[in-house]
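Each chain is listed here by its residues.
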Amino acid sequence: MIIKSSLSTVAVVALLVSSTHAFMSFLVGNENTHVTITSRAIMAKLYEVCEAVAKSEGRSFNPTGPSVEELLHACLGMETGEGSGARFRAALNQIYMQNVIVDRDFMTSAPHHFNNEAFSEGHNLIIQGIKAIKDNVRNDNIHSARETLGRVCHTLQDFYSHSNWVELGKKSPYANLIRPDLNIENIADRTMPTCSDCASGNCPNNLLPAILNGKYLTSGYMGLYSPDKPQGKCSHGGDADLSSAQIPRGGISKDEMHSYNADLHNTAVNLAAEATTELLEDIRAAIGNNDFLRLMGITRSVVLAFVIDTTASMAVHLDNIKKVAGDVIDKKKGTQDEPSEYILVSCNEPDFGPLIRTTNPDVMKAEISNLKASSGGKGMCLSSLRLALTGAPPSLHIYVFTEDSPNDIGLEKSITTLIRSTKSTVSFIVPLFVRKTMASVAEPRSEFQVYHDLALASGGQAIEVRRTMLTQTTDIIADTCTSKLVTILQRSRNPGRVESFPFLLDEFVSNVTIYITGNNLLLFTIRSPSGVSQSNAESGKLGSNVRVGNLERFKLKVTEMGVWYIDMRSTQPYSIKVTGQSTITFIYDFVEEFKGPHPGYAVIDERPLAGLPAKLLLTLTDEKGPEVLEVQEVSLVEVSGNTVSTETVEKINDGEVLVTVKEFPEGEFAVLLNGINKISNSPFQRQTTIQMSPSKLTIKVMADGSMHPGQKYDLPYTLTTNGASGVYTIRAMNDKDYIMKHTSKLNLVSGGSAVGIVSLSPPADTVSGTDVTLIIEAEGPGGIDYNYAVLRLSVVSEVTDFTPPQCKWFSQQGHCTGYPCDISNWTVSVNITDGNGVESVSVLQGGGYFNQTPADDGVISMVLGHYESSCCRLSVALRTIDNAGNTDICTYIYENDLSAGSALSGMTLTLWACLLASAMIVLCDTFNL
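Note that the structure is a prediction, hence the values are computed from the model and not measured.

Enquirer: What am I meant to see in helix H6 (residues 142-162) here?
Expert: One full turn of an α-helix is made of 3.6 residues, so residues set three or four places apart face in the same direction. In this model H6 runs 30 Å from its N-terminal to its C-terminal C-alpha over 21 residues, within 8% of the 30 Å that 1.5 Å per residue would give. Within H6, 20 of the 21 residues are buried, which leaves it mostly tucked inside the rest of the structure.

The following block contains the structure:
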């Protein structure tokens, strides 16, 4: 790795791990981490791709500043910034976090770090990873693609720090590392000595002359648990490497910069960044600009999902539901709030699904209009909801329409797990027909209460509405279809009580809406900072009030800055939610420290551990970047209670903080943040919607690589408890219903651990790139405590096709002898062949016209192309991609048989150089080639 592992929540913030595990920006000082190297490459490539997309759409690309939000707005061509900076940063986080986890989960794996001269094995990891990324994107499995990209970047970058590539005098990245058709060459034999002894441990280059002169490739041996290494071999070096004390002593790692290796370190950092850029370009070439932007989290708005019950009892409601869904789609169509993707899952009994995904609003409307009610009892709506949560991108807005209680209520915990894991919002719209309403608090838990509990856990709504008023829910759904939606306050009381709830509105929030859910006996008053009040029975003073079933929707007319109040005067159960639209929001993750040769922090995807201090990594985002914001206070707020835990905040950089949680609230909690905009000195308040709670259980799972079709995949895990001793129940499920076996019971003592295993067997005909969501749940004795692990695994075919498409140019015609150059043309034809199929051919550089005709042979194994250009451009470069994702650049240079041909020879050499250089197009354009 380059320097020490780090975790960042933004492209310009690194969690630098030193002896004090300090966080700081990489813009401060000259530290380099895997995260800063990866972000440097990503942001450079994004700038290039965004500029190309803007040019293709006939618009300008002019970011107003250096922040990722400003890049996002310029990339999407927005005037008012409806693109979600938080979603963009969260997508980048997935990449950065998985990069860091390589140092935790694969600490002892030589191939993952190119240690111990494991070059062929490391090369194979990269090649298999690149294939998985491309296949995942083709199958819309963006989440898995991001995670794999992070891990591949780590291994690729470690090559330049852990090998002697830099010491060999190399000034450019090793192209073979990302080429499946090329091998790693000239590796030092295992018996070949590679290093001289370095008694001080501070030698800048202790490689033997025979290695340097022979251009042999070697890397250091890492001895974490034993000092043994092959005789004469180099060590990695550092305090954690026991082998570095064995002759030959010292180490060749360039992870950290010291006075004796500063040049080597800086060169390794720069080459790692260039290599990462080349990797990103290879992926972009295979998947295209638009999918590359989607991979990086650059989308216009939210993903909207509908789960619709189609059992027989829904027949009387289905037409109204279709109208609601269609009206919502029409309201957003063509606007900056138009969803980037639509999801539809139907639920019946005993069947449910399938999951339908589309980016086309008209296609989604057609799919919804085709729904028909059919026979069946209670619908499998939780199963359908699980399908939506596992088969679609994170941060979903899901609306479930059902008239009956679920037939699969046993999935409630799994649904809660997925809501927390994906950070999605779920709302239920329950038409009132022949059924009972939610039971009061004095009665046993109603069979419909599960909908209210899941909605509250996700920050959604549970709306009970009469059939004749169902269409009035359209505006409520449309409220959430914006990427700028923020939550300012959310509370719930059951039983209800007289209570006043304050919330702060700032000058940067608009379209503020208050939702209060409860029965017809709810009484409340809204008070503004200036003292103006309006009760639920009034209208006009502060805003408009509409009742839809059991929900009051209060939309403020104006946003007066300051503290507002909701005065509740009811003893019936109720919930409160205040939302608005703003570019100011925040993202967060719980993190835990890990040890090893490169210690760091890793994200906790499950419930945090109770009884011990925890760390919360939090980043603000705004259209001008987080540097204009400052965190003043972070609290954990019990949504259904009164406990508020104000935590210790350590400032990392402008807009970023590390929060130390000393004690968790007893119940489910959300994160409440109070901050200030430093430009206007205006305070603001934001709250997370997803509720969380700690657990005394932890499940640690290490997924090593991808699954392969037709092969059993074993996944070991470790369960640890600080809770009660006894038998712990293990449940495992996967969303593809693959054959699965798992340990069902584990016997633990308090403070102890036990190891279990889950085995998955994907069918032999599984399409490469298929995404599988695996949920492992552990429940303690008596069901008092539980925790979970959620993994998105990929099924990827092993790489067998290493050869890119082959080009054969023929039949050049035309003469370029006249001036000006645009009065004459030249043409050339090309055959592009690939045994497994040509996926696409595009002009990378040239300026002429290219026509192609695929051969009609099923897999398109041959493409016949014809290129025509004026004599002002004397070359063409085609990018070819086959069905396995192999890419190549196919070039042709016009040759003139007259005297002018010799005058082009120097320019021809320049052309070949520019085609191979990273600044290809700019250089070519300079020479007008």
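Enquirer: What's the story with the pairing of strand E7 (residues 485-493) in this structure? I'm lost.
Expert: Counting buried residues in E7 gives 8 out of 9 residues, a clear majority hidden from the surface. One ladder, built from 8 bridges, connects E7 with strand E15 (residues 574-581); its direction is antiparallel. Considered in E15, the bridge of Leu485 is made with Gln581.

Enquirer: Would you explain the pattern of salt bridges in this entry?
Expert: Where charged atoms from two side chains of opposite charge approach closely, those side chains can pair. Summed over the entire model, instances satisfying the criterion amount to 44 salt bridges. Residue Glu592 pairs with Arg104 through a salt bridge whose shortest N-O separation is 3.4 Å. One end of the pair, Glu592, is in strand E16 (residues 585-594); the other, Arg104, is in helix H3 (residues 85-105), and 488 residues separate them in sequence. A relative accessible area of 23% means that Glu592 is categorised as partly exposed. Taking the relative accessible area as the measure of exposure, Arg104 reaches 23% and is therefore partly exposed. Ionic pairing is found between Glu592 and Lys700, a salt bridge with its closest N-O pair at 2.7 Å. On the criterion of sequence distance, the pair formed by Glu592 in strand E16 and Lys700 in strand E25 (residues 697-701) is long-range, its members being 108 residues apart. Sharing partners across several salt bridges, the network here consists of Lys45, Glu48, Glu281, Arg284 and Arg879.

Enquirer: Where do I start with the packing of aromatic side chains in this structure?
Expert: Within a pair of aromatic rings, the relevant descriptors are the distance that separates the centres and the angle that separates the planes. The full count for this structure, using the stated rule, is 21 aromatic pairs. On the basis of an interplanar angle of 75° and a centroid distance of 6.1 Å, the ring pair of Phe119 and Phe159 is categorised as edge-to-face. Highlighted residues: Phe119 in helix H5 (residues 119-138) and Phe159 in helix H6, separated in sequence by 40 residues. Both residues of the pair, Phe119 and Phe159, count as buried. Residues Trp809 and Tyr892 carry aromatic rings whose centres are separated by 5.1 Å and whose planes lie at 35° to one another, so their mutual orientation is tilted.

Enquirer: Please clarify how the confidence of the model for the protein chain should be interpreted in this entry.
Expert: Predicted coordinates in areas of low pLDDT are best not read in detail. For the protein chain, per-residue confidence averages 85 on the pLDDT scale, and 90% of positions sit at 70 or higher. Taking the mean pLDDT of every element in the protein chain, the minimum, 30, falls on helix H16 (residues 900-903) and the maximum, 97, on strand E8 (residues 499-505). Ignoring residues within four places in sequence, the model shows residues 434-445, a span with pLDDT below 50, making 21 contacts including any to other chains. Note on residues 898-929: pLDDT under 50 across the span, and 32 contacts to partners over four residues away in sequence or across chains.

Enquirer: What am I meant to see in helix H14 (residues 449-458) here?
Expert: Most of H14 sits out of view: 9 of its 10 residues are buried. Here H14 has its buried residues at Gln449, Val450, Tyr451, His452, Leu454, Ala455, Leu456, Ala457 and Ser458. The secondary structure elements touched by the buried residues of H14 are helix H12 (381-391), helix H13 (412-422), strand E5 (425-432), strand E6 (462-466) and E7. Of the residues flanking the end of H14, it is Gly459, one or two places downstream, whose phi is positive at about 85°.

Enquirer: Where do I start with the state of the cysteines in this structure?
Expert: Two cysteines, two sulfur atoms, one covalent bond between them: this is a disulfide. Taken as a whole and assessed by the stated rule, the structure comprises 7 disulfides. Sulfur-sulfur distance for the disulfide between Cys50 and Cys75 comes to 2.1 Å. Every disulfide takes its handedness from the sign of the S-S torsion; for Cys50 and Cys75 that torsion is -85°, giving left-handed. One end of the pair, Cys50, is in helix H1 (residues 34-56); the other, Cys75, is in helix H2 (residues 68-76), and 25 residues separate them in sequence. Classification of Cys50 as buried rests on a relative accessible area of 0%. In this model, Cys821 is linked to Cys872 through a disulfide, with the two sulfur atoms separated by 1.9 Å. Taking the sign of the S-S torsion, about 90° here, the bridge from Cys821 to Cys872 comes out right-handed.

Enquirer: What exactly am I supposed to notice about the environment of Asn290 here?
Expert: Mapped onto the elements of the fold, Asn290 is located in helix H9 (residues 289-295). Put simply, Asn290 and Cys50 are 240 residues apart on the chain and 9.2 Å apart in space, counted from C-alpha to C-alpha.

Enquirer: What is the right way to read the sheet that holds strand E39 (residues 887-893) from this model?
Expert: Hydrogen bonding along the main chain pairs the strands of a sheet, whether they run parallel or antiparallel. Pairing is antiparallel in the open sheet, where 3 strands are placed in the order E35-E38-E39. If you trace the sheet from one side to the other, it starts and ends with strand E35 (838-845) and E39, each paired once. Shown here is a sheet whose adjacent strand axes are inclined to one another by a mean of 25°, direction ignored. Where E35 meets strand E38 (residues 875-882), 6 bridges bridge the pair, whose relative direction is antiparallel. When the bridges of E38 are listed, Val843 appears paired with Leu878. Contacts between helix H8 (residues 262-287) and the sheet are confined to E35, E38 and E39, with E38 contributing the most and set at about 80° to the helix.

Enquirer: When you look at the nonpolar core in this model, what are you seeing that I'm missing?
Expert: Note that soluble globular proteins tend to have their nonpolar side chains buried in a common cluster. Residues Leu46, Leu149, Tyr160 and Met296 are the most contacted members of the largest nonpolar core, which totals 64 residues. Listing elements by their share of this core, those giving two or more residues are H1, H2, H3, H5, H6, H8 and H9. The element best represented in this core is H8, accounting for 12 residues. Aside from chain neighbours lying at most four places away, what touches Leu149 is Ile95, Ile133, Leu279, Leu280, Ile283, Leu295 and Met296. Among the nonpolar cores identified, the runner-up in size contains 56 residues, and Ala462, Leu618, Leu629 and Val631 belong to it.

Enquirer: Where do I start with the sheet that holds E6 in this structure?
Expert: If you trace the 6 strands from one edge of the open sheet to the other, you get E3-E2-E1-E4-E5-E6, paired in mixed fashion. The open sheet has two edge strands, strand E3 (352-358) and E6, and neither has a second partner. Averaged over all pairs of adjacent strands, the angle between strand axes in this sheet comes to 15°, irrespective of strand direction. The strands touched by helix H11 (residues 361-369) within the sheet are strand E1 (303-309), strand E2 (341-347) and E3, with E2 carrying the most contacts at an inclination of about 10°. On the sheet, H12 packs against E1, E2, E3, strand E4 (396-401) and E5 and is oriented at approximately 30° with respect to E3.

About the thresholds
- Residues numbered from 1 in each chain as written.
- Predicted model: local features only at pLDDT ≥ 70, side-chain atom pairs only at ≥ 80, totals over all residues.
- Heavy atoms only, no water.
- Helix = DSSP H or I, 4+ residues; strand = E, 2+ residues; numbered from the N terminus.
- Expected span 1.5 Å × (residues − 1).
- Buried < 20%, exposed > 50% of the residue type's maximum accessible area, 1.4 Å probe, protein only.
- Pairing = 2+ DSSP bridges.
- Salt bridge = Lys/Arg side-chain N within 4 Å of Asp/Glu carboxyl O.
- Phe/Tyr/Trp six-rings, centres within 6.5 Å; stacked < 30°, edge-to-face > 60°.
- pLDDT = per-residue confidence, 0-100.
- Contact = heavy atoms within 4.5 Å.
- Disulfide = S-S within 2.5 Å.
- Axes fitted to C-alpha atoms, helices over the stretch in contact; angles between N-to-C directions.
- Core = buried A, V, L, I, M, F, W, Y, C linked by side-chain atoms within 4.5 Å.

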